[in-house]
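Commentary on secondary and tertiary structure
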Amino acid sequence: MRLTASELGIRPFSNDRYFGGHGACPGCGAVSMLRQVMQTVGPKAYYFILASCAGSYFPGEFTVCDSSIIFTVYAAGFAEAEGMSQALELRGRTDETVVAYSGDGGAFDIGLGGLSGIAERNANVLVIVNDNQGYQNTGGQQSGGTPRGIITKSTQPFHQVPAAARNRKDLLELLAAHRVPYLATASAAFPRDLDAKLRKALTYKGFKLVHVVTACLNWGFESRLAIRVARLAVETGVHPLYEIEGGRRYRLSYEPTFAPLEDFTRLQRRFQGVDLALLKQDIAERWEDLRYKAARAWPASARQSA
Amino acid sequence: MALDEPAGIASSQRRIVTGAEAMALAYELAGVRIAYVFPITPQTEVLETMVRSQRVRVIPSDSEFNAIASATGVFWGGERCAIYTSSQGLVLMSEVMWEVAGNRLPMVMGVFNRALRGPAWTLGPQQNDSLFMRDTGWLQFYGETAQDIFDFTLLAMRVAERVCLPALVCGDGFYLSHQKEEIEIPDEAAVRAFVGELAIPDLPDSSRPATFGGVVTTAQQYFRLSERMHRDVVGSQDVFLEVAKGFEVLFGRRRTLTEPYEMDDAELVLMASGATCGAVREEVKRRRRRGQKVGLLKLCSIRPLPVGELVRHLRPGQKAVVLDRNVAAGTGGIFHCEISAALRGLVDDLVLLGCVTGLGGVDLTPEAAGELIDYLAAAGPAQQGLVHFLDETGLHAVGRTERCD
Ligand SMILES: Cc1ncc(C[n+]2csc(CCOP(=O)(O)OP(=O)(O)O)c2C)c(N)n1
Ligand code: SF4
């Protein structure tokens, strides 16, 4: 009989829901985020995993967590999760959570149609987007989530669109336009905030999504620094922590120190030669937009309809 | 035959329905509670029929790709799901088709065949959409009548669940989807008794966490899983016959994977699937009146390829032609290729020709079938090296090594 660390009571991980044995790169920023997600969501959950690096976070032959894992072909995971949630509802199994877990490539690009579809149908699914800003499982190519100016493995330095002419997609804004119940950004470096947002998300029956920027070793940093890099993404304002209820009500959940952008970029090879002035302008404009939206008061009726 | 034992046969009513309505009814009477849909001609008729049902929750998806993905999720959640499509919709699903079969989920999907956007757009019937899925591990049944569509939808559910493989139930677009015929619809209770509860041996269960559909550790594991699927597709011939026995006892209709018509003493045999059989049967009837020994062998499935039944019905010395409402560019008709490869070494001394007909919805008339019969009567082994085409201009042949000019 095979026992898990928690069944054996091995401390300090005996209460963990995500155990050792995964196959991610040592130091992968996504894995600590995933551990926190599983901890909060609890074991009565089904995770639909879109093709991505998560294929190595959950090996195929044994189970490194106490939830059920279902791998899907790349673009199909969102709609599969919706179908499962429909079946569970028909069968009266309403105490179980259906999660769709995707990379940025899955959510921003190849699966965007499916994500939009289940948002429009308000599927009772929790979506976790692990945004490592590129197609990392295939070695680090450009996705719709790659910041402008970065040379990835699929970017031709000589033929690329000028950095000023291309921008990273803003996933939360895309989904806010669907007016879904709950959207949030979060970070593995802010575990209490992540935990609180997941708990809030799960109070909603319907579509909810938590968008987490995690640090990937393909960014070119020392493997011990994944959490520091993730923290700096927040503190420099690159990754604002906020939530949107009903697609309208914005709330900033953390006021960063606005550390210089260079503190974040200096640690990573991928920013070599990137025009930081453009990125700084993006950050400033984004924050201005978010503050404007967060300050806006909505009449009570709009709140209720959310 | 079970008809002689009226005690066992469920009561039924005769109703005039289209093939599309027959398909929707089969799902509904089987107790399917949910459907994921996306419109495409000619399948839309099924969708519009089912939308009128109070009992089925019909969910409009955003594409066929996501419709079948959601249907997969419904099966993972332990429920049957109705799903049906045509043409472009089916090929858009193709990535998920492999996944469904590989996951061994017994999904049953309806297809009203329509020609693909190859050389042009058209709405006409042609089987290349479903046959494009030939290698996925999905079983594929083909119907000629609305009754066939109704019966095979129910049979497919039971067979799929017995062998843990998904199944397509196909019929020619318009000829079947839109034409009304009188068919026999059994009582709901009997249909429910026949299909039973969905039974899948291994489903996700949060009280027993496990991982589904991940990466294999060794190539050998992948090899073994693939070989196993092949064996189960072949084995589904026998499973079908067992399931069909239960069907016959309950509903009084004997269903097989091939249906012989005037085959007993036939010297010339035409094999065909779907609506093509109608014109061929008509011509066979006329020829029989003239004393010509012609027969029709209707093909009701390509997966499983009904080799067992073919071997029983075909005899050495016969001359046969397989009619295909489909074409694999560079090879010829797909049923013909499959059957001639499978029969090699099993039936000796058989002249077996292939003839492509009806592409894009070109009508196959009994007279055209007659032209083919005359050609077959005069043909010999040499004609086996040709791919024949029968269209509105008549019969012509292309050699397999012919130079393009
Ligand atoms: C249809 C299809 N195209 C391409 C691939 C190859 N592929 C596997 S994972 C992946 C990239 C995943 O990127 P992302 O979704 O951002 O997740 P990450 O690996 O970065 O976590 C690609 C391109 C595939 N599995 N399926
Ligand atoms: S490539 Fe990046 S995201 Fe993938 S496992 Fe390694 S560190 Fe994690």
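As the structure is a prediction and not an experimental result, all values here were calculated from the model.

Topic: the site of ligand 2
- Within the structure, ligand 2 sits among Ala24, Cys25, Cys28, Cys53, Tyr57, Asn132, Cys216, Leu217 and Asn218 of chain A.
- Its residues assigned to classes, the shell around ligand 2 comprises seven nonpolar, two polar and no charged.

Some points on the site of ligand 1
- Inspection of the region around ligand 1 gives 16 residues, with Cys53, Tyr74, Gly105, Asn132 and Gln136 of chain A positioned closest.
- Looking at what sits near ligand 1, you find residues from chains A and B.
- Between Cys53 of chain A and ligand 1, the recorded distance is 2.9 Å, taken from a backbone N or O atom to an oxygen atom.
- Here an oxygen atom of ligand 1 sits 2.8 Å away from a polar atom, N or O, in the side chain of Tyr74 of chain A.
- For ligand 1, the protein covers 75% of the area, taking 580 Å² as the surface of the free molecule.
- Looking at the shell around ligand 1, the element that brings in the most residues is helix H5 (residues 104–110) of chain A, giving four residues.
- Partitioned by chemical class, the residues of the shell around ligand 1 number five nonpolar, nine polar and two charged.

With respect to the interface of chain A and chain B
- At the interface, 38 residues of chain A touch 35 residues of chain B.
- Counting every contact that joins chain A to chain B gives three salt bridges.
- Taking the shortest distance from any N to any O, the salt bridge between Arg91 of chain A and Glu79 of chain B comes out at 2.9 Å.
- The interface formed by chain A and chain B holds 15 residue pairs in polar contact (both at pLDDT 80 or more) in total.
- Counting only elements with at least two residues in the side of chain A that touches chain B, the list comes to strand E1 (45–50), strand E2 (68–72), helix H4 (77–90) and helix H6 (112–120) of chain A.
- Sorting elements by how many residues they give to the side of chain A that touches chain B places H4 of chain A first, with nine residues.
- A breakdown of the residues in the side of chain A that touches chain B according to their chemical character gives 18 nonpolar, 10 polar and 10 charged.
- Taken together, the two bridges between E2 of chain A and strand E9 (residues 211–212) of chain B define a ladder with parallel strand orientation. Bridging from a neighbouring strand, Ile70 of chain A pairs with Phe212 of chain B of E9 of chain B.

So, the pairing of strand E5 (residues 182–186) of chain A
Residue and element names in this part refer to chain A.
- Of all five residues that make up E5, five are buried, and the element is covered over most of its length.
- Relative to strand E6 (residues 208–213), E5 runs parallel, the two being bridged by five bridges. Considered in E6, the bridge of Ala186 is made with Val212.

Some remarks on the layout of surface pockets
- Each pocket or cavity is described by its volume, and for the largest pocket that value is around 1500 Å³.
- What lines the largest pocket is a set of 47 residues, and nearest its centre among them are Gly102, Asn103, Arg104, Leu225 and Met229 of chain B.
- If you list the elements that add at least two residues to the lining of the largest pocket, you get E2 of chain A together with helix H5 (94–102), E9, helix H9 (219–251) and strand E13 (301–303) of chain B.
- A per-element tally of the lining of the largest pocket places H9 of chain B first, with 10 residues.
- In terms of residue class, the lining of the largest pocket is made up of 24 nonpolar, 15 polar and eight charged.
- Taken together, domain 1 (3–251) and domain 2 (259–399) of chain B each give at least three residues to the lining of the largest pocket, which thus spans both.
- In this structure, the second largest pocket spans a volume of roughly 540 Å³.
- Contributing to the lining of the second largest pocket are 28 residues, with Asn167, Arg168, Val238, Asp282 and Arg286 of chain A lying nearest its centre.
- Elements represented by at least two residues in the lining of the second largest pocket include exactly helix H7 (171–176), E6, helix H10 (261–265) and helix H11 (276–295) of chain A.
- Here the lining of the second largest pocket is built from residues that sort into 12 nonpolar, six polar and 10 charged.

Observations concerning a nonpolar patch on the surface
Residue and element names in this part refer to chain B.
- A cluster of nonpolar side chains, namely Val216, Tyr222 and Leu225, defines an oily patch on the protein surface of about 310 Å² accessible area.
- Along the chain, the position of Leu225 falls in helix H9.
- The exposure class assigned to Leu225 is exposed, which follows from its relative accessible area of 52%.

A few points about the environment of Ala176 of chain A
Residues and elements named next belong to chain A.
- Secondary-structure assignment places Ala176 in helix H7.
- Residues Ala176 and Ala76, spaced 100 residues apart in sequence, show a C-alpha to C-alpha distance of 22 Å.
- Excluding residues within four positions of it along the chain, Ala176 makes contact with Leu183, Ile244, Gly247 and Tyr250.

Describing the pattern of salt bridges
Residue and element names in this part refer to chain B.
- Applying the stated criterion to the full structure yields 58 salt bridges over all chains.
- Taking the shortest distance from any N to any O, the salt bridge between Arg134 and Asp135 comes out at 3.0 Å.
- Note that Arg254 and Glu248 form a salt bridge whose closest N and O atoms lie 3.6 Å from each other.
- Because the salt bridges share partners, they merge into one network encompassing Glu144, Asp148, Asp151, Arg253, Arg255, Glu259, Arg281 and Lys298.

With respect to the domain arrangement of chain B
All names here are of chain B.
- For chain B, the assigned domains read domain 1 (3–251) and domain 2 (259–399).
- The gap between the C-alpha centroids of domain 1 and domain 2 is 27 Å.
- Between domain 1 and domain 2, the residue contacts involve 26 residues of the former and 30 residues of the latter.
- Each partner contributes to the roughly 2200 Å² buried at the junction of domain 1 and domain 2, and carbon and sulfur atoms together form 52% of this total.
- One can count five salt bridges joining domain 1 with domain 2.
- A salt bridge links Lys298 to Glu144; the nearest nitrogen and oxygen atoms lie 3.0 Å apart.
- Run the count over domain 1 and domain 2 and you get 18 residue pairs in polar contact (both at pLDDT 80 or more).
- Of all the secondary structure elements, the ones that give two or more residues to the side of domain 1 that touches domain 2 are helix H6 (128–131), strand E6 (139–143), helix H7 (146–163) and H9.
- Considering every element that reaches the side of domain 1 that touches domain 2, the biggest residue donor is E6, with five residues.
- Residue composition of the side of domain 1 that touches domain 2, by class: 12 nonpolar, nine polar and five charged.

Rules used throughout
Residues numbered from 1 in each chain as written. Chains lettered and ligands numbered in written order. Predicted model: local features only at pLDDT ≥ 70, side-chain atom pairs only at ≥ 80, totals over all residues. Heavy atoms only, no water. Near = heavy atom within 4 Å. Nonpolar A, V, L, I, M, F, W, Y, C, P; charged D, E, K, R; others polar. Polar contact = N/O pair within 3.5 Å; in protein donor to acceptor, adjacent residues only side chain to side chain. Areas by Shrake-Rupley, 256 points an atom, 1.4 Å probe, with all protein chains shown as cover. Helix = DSSP H or I, 4+ residues; strand = E, 2+ residues; numbered from the N terminus. Contact = heavy atoms within 4.5 Å. Salt bridge = Lys/Arg side-chain N within 4 Å of Asp/Glu carboxyl O. Pairing = 2+ DSSP bridges. Buried < 20%, exposed > 50% of the residue type's maximum accessible area, 1.4 Å probe, protein only. 1 Å grid on protein atoms, 1.4 Å probe; cavity = no way out; pocket = protein on both sides within 12 Å on 5 of 7 lines; lining within 4 Å. Points joined across faces, edges and corners; volume = space filled by probe spheres on them. Domains from an automatic or database assignment. Patch = residues over 30% accessible without salt bridge, like charges linked within 9 Å, V, L, I, M, F, W, Y side chains within 5 Å. Buried area = accessible area lost by both parts, 1.4 Å probe.

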